[in-house]
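Secondary and tertiary structure notes
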Amino acid sequence: MSAESTLSRRSFGQTMRADVWWAQPLVVFLGLGAFVVYSTWAALQGRNYYFGPYLSPFYSPEIFGPSPHSWFGAKPVWWPAWLIFSPSLLVLWAPGGFRLTCYYYRGAYYKAFWADPPACTVGEPRSTYLGERSFPLIMQNMHRYFLYLALLFILVLAHDVWKALWFVDPATGRTSFGMGVGTLVLAVNVVLLGGYTFGCHSLRHLIGGFLDQFSKSPACYRGYACVSCLNRRHMLWAWMSLFWVAFSDVYVRLCALGAWHDLRFF
Amino acid sequence: MKTAVFRIWRGNAAGGEFRDYETGVSEGMVVLDAIHHIQATEANDLACRWNCKAGKCGSCSAEVNGMPRLMCMTRLSELPLDKPVTVEPIKAFPLLKDLITDVSWNFRVKKKIKKFKPRPPDAPDGTWRMQQEDIDRVQEFRKCIECFLCQDVCHVLRDHRKYDEFIGPRFLIYVAALEMHPLDTEDRLEELRETQGIGYCNITKCCTKVCPESIHITDNAIIPLKERVVDDYYDPLGWLWKKMRRKKGSGGS
Ligand code: SF4
Ligand code: SF4
Ligand code: FES
Ligand code: FES
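We now turn to the structure provided with this report. Computed from a predicted model, the values in this text were never measured in an experiment.

Rules used in this analysis
Residues numbered from 1 in each chain as written. Chains lettered and ligands numbered in written order. Predicted model: local features only at pLDDT ≥ 70, side-chain atom pairs only at ≥ 80, totals over all residues. Near = placed C-beta within 6 Å. Helix = DSSP H or I, 4+ residues; strand = E, 2+ residues; numbered from the N terminus. Nonpolar A, V, L, I, M, F, W, Y, C, P; charged D, E, K, R; others polar. Buried ≥ 20, exposed ≤ 12 C-beta atoms within 10 Å, placed from the backbone. Pairing = 2+ DSSP bridges. Contact = placed C-beta atoms within 7 Å.

Looking at the site of ligand 2
Residues and elements named next belong to chain B. The local shell around ligand 2 holds 16 residues, among which Cys144, Cys147, Cys150, Arg170 and Cys211 are the closest. Counting residues per element, the ones that place at least two in the shell around ligand 2 are helix 4 (149-153) and helix 6 (168-179). Looking at the shell around ligand 2 residue by residue, the class counts come to 12 nonpolar, one polar and three charged.

The following block contains the structure:
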């Protein structure tokens, strides 16, 4: 059932578009590239990731680690000596995998990093194409499993905000309720990550999208409507939460380094 | 009177070239007006297809300045007229003449999609009952005017020529409209994965970008279909969960 087009295939970058079509993929390339570089660097540091009650979201939950936020104490003895250890490496793969398999990011990085296509109607560098049909990209279908993990992370990060409301007085050792700029930074982080995670396409499907008759399951329909509402701006949530999660790490790190004074409201 | 240059593709399957035509520009003009004017004055043999001039028949699809557009819905005021405006036939289908392509591949594809198969009627008079919320999603897809601009822009067809393995965004929304229909009982997921090639779509959203009916092709049709395919083929836990529920259901009854 062939429908051979008579016009020859365009070569890489060739297009009749007169606008700056390369601007958007370039911005995505720089934005995602900067995030990957920074988050990898931050994850490998293994220090300066907490300050008082604040814990960097790149290091949460801290399953094993040297800080008071650690769930199960210091680095386990069985950890191989040759393997680099950072509390972040134990957890960061989960939100990382969630973003990597996210439908929005997939579309964005296929364009920006793989030029497949570089932009709409712009010629591609390769003539072979497998799409998401075969290995490795068929693995993108795992996205919903990363979603389950990401939902757990939202709970953990929300709990971190709660913990960021309790400050220990270094003089008396007493814990008191309080709020600093860092508390707000971590709170905004949870809100933005929540907006991103609860607008996920897989969640939209699992909560009700799989149904053909919404009227028979009103609760599912309400859930579907809520997720759809966030889903409409999924790209925006994706970028805002990406920026803010990195900023939260920067903030906590600067406080921990003593380079920034965390303002306490009360 | 202001003028503008239109760089129009002239030729057929054997070959062709761009030719420049200058024409007057007045307020409210669309690209199709300019094409008609050129046809009436300078190039009587210029072939173009059109019908409604209201963005509803889907005949006047072309590529204006490199982007798939309906000529009748592209106002000259939104184009930079200091440079020639290029007008080409759509690229994904065989060229017949000038701006006209043979889009019949699409009709052949459509014929292969499993037909609507409603459940038995709900009422003795042979009618069915549906709620508005059940049909909202499908109504969005029914806005499609079959202009095939989305098929044209989709790199799986346009660049990779997977005509035999991929049905393209227009027919993915067609399948979605059937699959999500509250009355339909047919199952199309196997073909969707095997012969209709939903896995080829890499959700780069060019189809959504060019759709003149603003149908959210990728977000509302393709991704939900991909998720349904995941349910059936790539989700072992979900599969187990469904099996257990079914067992529980049958045990209880
Ligand atoms: S989103 Fe999928 S169907 Fe739409 S243009 Fe891109 S690859 Fe083609
Ligand atoms: S989905 Fe939109 S772009 Fe595609 S054929 Fe229908 S109206 Fe045209
Ligand atoms: S689709 Fe983006 S997070 Fe699931
Ligand atoms: S002439 Fe009918 S859509 Fe343009």
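Past the structure itself, the notes keep going.
Considerations on the site of ligand 1
Residue and element names in this part refer to chain B. Around ligand 1 sit 14 residues, and of these Cys154, Pro169, Cys201, Cys206 and Cys207 come closest. When contributions to the shell around ligand 1 are tallied by element, the ones reaching two or more residues are helix 5 (155-158), helix 8 (206-210) and helix 9 (217-233). Residues of the shell around ligand 1, tallied by class, amount to nine nonpolar, four polar and one charged.

Topic: the environment of tryptophan 114 of chain A
Along the chain, tryptophan 114 of chain A turns up in the loop between helix 4 (103-112) and helix 5 (143-163). Along the chain, tryptophan 114 of chain A and proline 125 of chain A lie 11 residues apart, while their C-alpha atoms are 8.9 Å from each other.

Quick notes on the pairing of strand 4 (residues 67-70) of chain B
Here strand 4 of chain B shows two buried faces, one formed by Met67 and Arg69 of chain B and the other by Pro68 and Leu70 of chain B. Two successive antiparallel strands, strand 3 (residues 61-64) of chain B and strand 4 of chain B, enclose a turn made up of two residues, where asparagine 65 of chain B displays a positive phi of approximately 50°.

A short note on the interface of chain B and chain A
Contact residues are listed per partner, giving 48 residues for chain B and 40 residues for chain A. Contributing elements (two or more residues each) for the side of chain B that touches chain A: strand 5 (85-88), helix 2 (104-112), helix 3 (132-141), helix 5, helix 8 and helix 9 of chain B. It is helix 9 of chain B that provides the largest number of residues to the side of chain B that touches chain A, a total of seven residues. Considering only residue class, the side of chain B that touches chain A consists of 21 nonpolar, 11 polar and 16 charged.

That is the geometry; function is a separate question.
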